[in-house]
2 protein chains.
Amino acid sequence: MNDAQAPIVPAVEVLAFDIFGTVVDWHGSIVRELGRRYPQVDGDAFALAWRAGYKPAMVRVMSGELGWTLIDDLHRMILDAILPQFGLERLGEEERRELNRVWHRLDPWPDAVAGLQRLKRKYLLCTLSNGNLGLLTRMAKRAGLPWDCVLSAEVFRAYKPDPATYLGVARVFDVPPDRVMLVAAHHDDLAAARACGLRTAYVVRPLEFGPAHPKDVAPQAGNDLHSRDLLHLADLLDC
Amino acid sequence: MNDAQAPIVPAVEVLAFDIFGTVVDWHGSIVRELGRRYPQVDGDAFALAWRAGYKPAMVRVMSGELGWTLIDDLHRMILDAILPQFGLERLGEEERRELNRVWHRLDPWPDAVAGLQRLKRKYLLCTLSNGNLGLLTRMAKRAGLPWDCVLSAEVFRAYKPDPATYLGVARVFDVPPDRVMLVAAHHDDLAAARACGLRTAYVVRPLEFGPAHPKDVAPQAGNDLHSRDLLHLADLLDC
């Protein structure tokens, strides 16, 4: 299939994917895990509280208040902080460690694996996530996400939206920034990539925050592509 | 299939692979590329001369004489230096650049893809090569090498045999060093990994330097496994 949007992006060689929310359903996965382990807890509120601590934690790292810290460790700090709010302060070290690894076991959105397989025929596919390499690798192995290369903030020692991350992808693959397209469900991530000269594709994920909290997925000016999911993105890119 | 060597390594989770010579046939690939492009040149001597510059170039980086330099750039420096010896000093920028990318197009040994596919069912597979990420990723995509994660000296800003590389794999995957096994066709690489607490598997590649220069592939004490190729390694590891 083809589409009117496709001719805009003839020279792209590398597709770099945001992961949390774009490729995998963090909210639904955490709700399901909580439901299995601690059915008395409000999984929706728990998932939202855990995720809400994420950006502030990264800001503390990038401001220098915290030294360089992997997302696995930031997730654990946030987890320890929120457990009492949900009556789970009694959890021991092993249970906390195991629960924290839910981020390694997030389920892909239903279109993700098939969409990536199609896109992989034509493009070099990498992750560009603030998640650490171990997290992203274990997630991909479990879910069958067919990355050509796992790239992470960990490689660049900087968290998105730091330009070092977007430009780092272009540098790793020795291509000009406009041969890299960031694929993400977040307009702020895409805007930061665009400011570095990357191409951008928005992916609509209205239920990223769960069915009780639909998010605005209206197109924004400036993105090269606006896709309903990764299968639609494959259509738009003629894969 | 099983084998007497297997019970030694029950706890390994990650197999980290040396690449040049272990997984891909750099000598044969360069000889074939030279034969197609410049049939008047002695491809065997050319491949050996190019590769001979590799370790000295990395030593210059690790000693601080050169700043951090990717293998793509080291390969290019060595190429520029040897071209006159082979009557190729007339090559222009574009031809040099294209020839230098032969390292992205190295062919795997015949057992490599099938062996890795078997090993991948049971282990997390990563590269641990001095090759840069772009090189390793493009090589894997072309050859069908099914890595779970591409790791490189580039991630650790240190070249093997620096301990930061071997220990870096364990750190990335958050496991003790003895849960990582380095797979390599070079005893010096394996010895350095072993000194860091990693498990080690030797792979016999008698023709790494071409059929005119068979290398000694006798077992050495200290390696956990000694394999004929990656299919045999899969046998030994019960994959």
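Residues numbered from 1 in each chain as written. Chains lettered and ligands numbered in written order. Predicted model: local features only at pLDDT ≥ 70, side-chain atom pairs only at ≥ 80, totals over all residues. Heavy atoms only, no water.

- As recorded in an unreviewed UniProt entry, chain A goes by (S)-2-haloacid dehalogenase and comes from Ramlibacter ginsenosidimutans.
- UniProt, in the comment section headed Sequence similarities (unreviewed entry), describes chain A in these words: "Belongs to the HAD-like hydrolase superfamily. S-2-haloalkanoic acid dehalogenase family." (UniProt positions renumbered as here; feature names shortened; annotations may be inferred.)

1. A short note on the overall build of chain A
- Within chain A, the regular secondary structure consists of 11 helices and six strands.
- Taken against the 2.2 N^0.38 rule, which gives 18 Å for 239 residues, the C-alpha radius of gyration of chain A at 18 Å falls within 12% of a compact globule.
- Projected onto its principal axes, the C-alpha positions of chain A cover 55 × 35 × 30 Å.
- Classification of the 239 residues of chain A by burial places 59% in the buried group.
- Expressed as a percentage of contacts within chain A between residues at least 6 apart in sequence, the contacts between residues at least 24 apart total 65%.
- Of the roughly 9,300 Å² of accessible surface on chain A, 55% is carried by carbon and sulfur atoms.
- Of the charged side chains in chain A, 28 are positive and 31 negative; the average position of the first set lies 3 Å away from that of the second. (Helix = DSSP H or I, 4+ residues; strand = E, 2+ residues; numbered from the N terminus. Rg over C-alpha atoms; globule rule 2.2 N^0.38 Å. Buried < 20%, exposed > 50% of the residue type's maximum accessible area, 1.4 Å probe, protein only. Contact = heavy atoms within 4.5 Å. Areas by Shrake-Rupley, 256 points an atom, 1.4 Å probe, with all protein chains shown as cover. Lys, Arg positive; Asp, Glu negative; His and termini not counted. Charge placed at Lys NZ, Arg CZ, Asp CG, Glu CD.)

2. Considerations on the relation of the copies chain A and chain B
- When chain A is fitted to chain B, the best match, at an RMSD of 0.0 Å, comes from turning it 180° and sliding it 0.0 Å along the axis. Taken together, these values place the two copies in the relation of a two-fold axis. Taking C-alpha positions as reference, the residue of chain A nearest the rotation axis is A:Val155, located at 2.8 Å.
- The overlap is high: 100% of the interface residues of chain A also sit at the interface in chain B, so the same surface is used on both sides. (Least-squares fit on C-alpha atoms with pLDDT ≥ 70 in both.)

3. Side note on unusual backbone geometry
- With omega at 10°, the peptide bond leading from A:Lys160 into A:Pro161 counts as cis.
- Its location among the elements puts A:Pro161 in the loop between helix 8 (153-156) and helix 9 (163-172).
- Even without glycine at this site, A:Asp174 takes up a positive phi of about 55°.
- Secondary-structure assignment places A:Asp174 in the loop between helix 9 and strand 4 (180-184).
- Residue A:Asp174 is classed as partly exposed on the basis of its relative accessible area, which comes to 43%.
- The residue B:Arg157 is not glycine, and still its phi comes out positive at about 50°.
- For B:Arg157, the position within the fold is in the loop between helix 8 (153-156) and helix 9 (163-172).
- Judged by relative accessible area, which is 55%, B:Arg157 ranks as exposed.

4. Topic: the packing of aromatic side chains
All names here are of chain A.
- Evaluation of the coordinates by the stated rule reveals 16 aromatic pairs over all chains.
- With a centroid separation of 5.5 Å and 85° between ring planes, the pair formed by Phe-20 and Trp-103 is classed as edge-to-face. With Phe-20 in the loop between strand 1 (14-17) and helix 1 (26-37) and Trp-103 in the loop between helix 5 (93-100) and helix 6 (112-120), the pair connects residues that are 83 residues apart, well separated along the chain. Across this residue pair, the class does not change: Phe-20 and Trp-103 are buried.
- Here Trp-68 and Tyr-159 contribute two aromatic rings whose centre-to-centre distance is 4.6 Å and whose plane-to-plane angle is 20°, an arrangement assigned as stacked. Taken as a pair, Trp-68 in the loop between helix 3 (54-62) and helix 4 (71-82) and Tyr-159 in the loop between helix 8 and helix 9 lie far apart in primary sequence, 91 residues in all. (Phe/Tyr/Trp six-rings, centres within 6.5 Å; stacked < 30°, edge-to-face > 60°.)

5. Here's the deal with the layout of surface pockets
Residues and elements named next belong to chain A.
- If you add up the space inside the largest pocket, you get close to 500 Å³.
- Within the residue set of the lining of the largest pocket, elements represented by two or more residues are helix 2 (43-52), helix 3 and helix 10 (187-195).
- The element best represented in the lining of the largest pocket is helix 3, accounting for five residues.
- Taken together, domain 1 (6-25 + 108-236) and domain 2 (27-104) each give at least three residues to the lining of the largest pocket, which thus spans both.
- Put simply, the second largest pocket is a space of about 390 Å³. (1 Å grid on protein atoms, 1.4 Å probe; cavity = no way out; pocket = protein on both sides within 12 Å on 5 of 7 lines; lining within 4 Å. Points joined across faces, edges and corners; volume = space filled by probe spheres on them. Domains from an automatic or database assignment.)

6. Topic: the interface of chain A and chain B
- In this assembly, 22 residues from chain A lie in contact with 22 residues from chain B.
- Roughly 1,800 Å² is buried in total at the junction of chain A and chain B, and carbon and sulfur atoms are behind 50% of that figure.
- A per-residue breakdown of the area chain A buries against chain B is headed by A:Thr137, A:Arg138 and A:Lys141, which together make up 29% of the total.
- There are eight salt bridges connecting chain A and chain B.
- Two residues, A:Asp148 and B:Lys141, come together in a salt bridge whose shortest N-O distance is 2.7 Å.
- Of all elements in the fold, only helix 7 (133-143), strand 3 (149-152), helix 8 and helix 9 of chain A reach the threshold of two or more residues within the side of chain A that touches chain B. (Buried area = accessible area lost by both parts, 1.4 Å probe. Salt bridge = Lys/Arg side-chain N within 4 Å of Asp/Glu carboxyl O.)

7. A closer look at the packing of helix 4 of chain A against helix 5 of chain A
All names here are of chain A.
- The geometry of helix 4 relative to helix 5 is characterised by a closest axis approach of 10 Å and an angle of 125° between their N-to-C directions. Classed by the angle they form, the pair helix 4 and helix 5 counts as oblique. In terms of crossing hand, the pair formed by helix 4 and helix 5 is right-handed. Here Asp-72, His-75, Arg-76, Leu-79 and Asp-80 of helix 4 come into contact with helix 5, specifically with Glu-93, Arg-96, Arg-97, Leu-99 and Asn-100.
- Residues of the contact of helix 4 with helix 5, tallied by class, amount to two nonpolar, two polar and six charged. (Axes fitted to C-alpha atoms, helices over the stretch in contact; angles between N-to-C directions. Parallel < 35°, antiparallel > 145°, perpendicular 65-115°, else oblique. Left-handed = near helix turned anticlockwise from the far one by under 90°. Nonpolar A, V, L, I, M, F, W, Y, C, P; charged D, E, K, R; others polar.)

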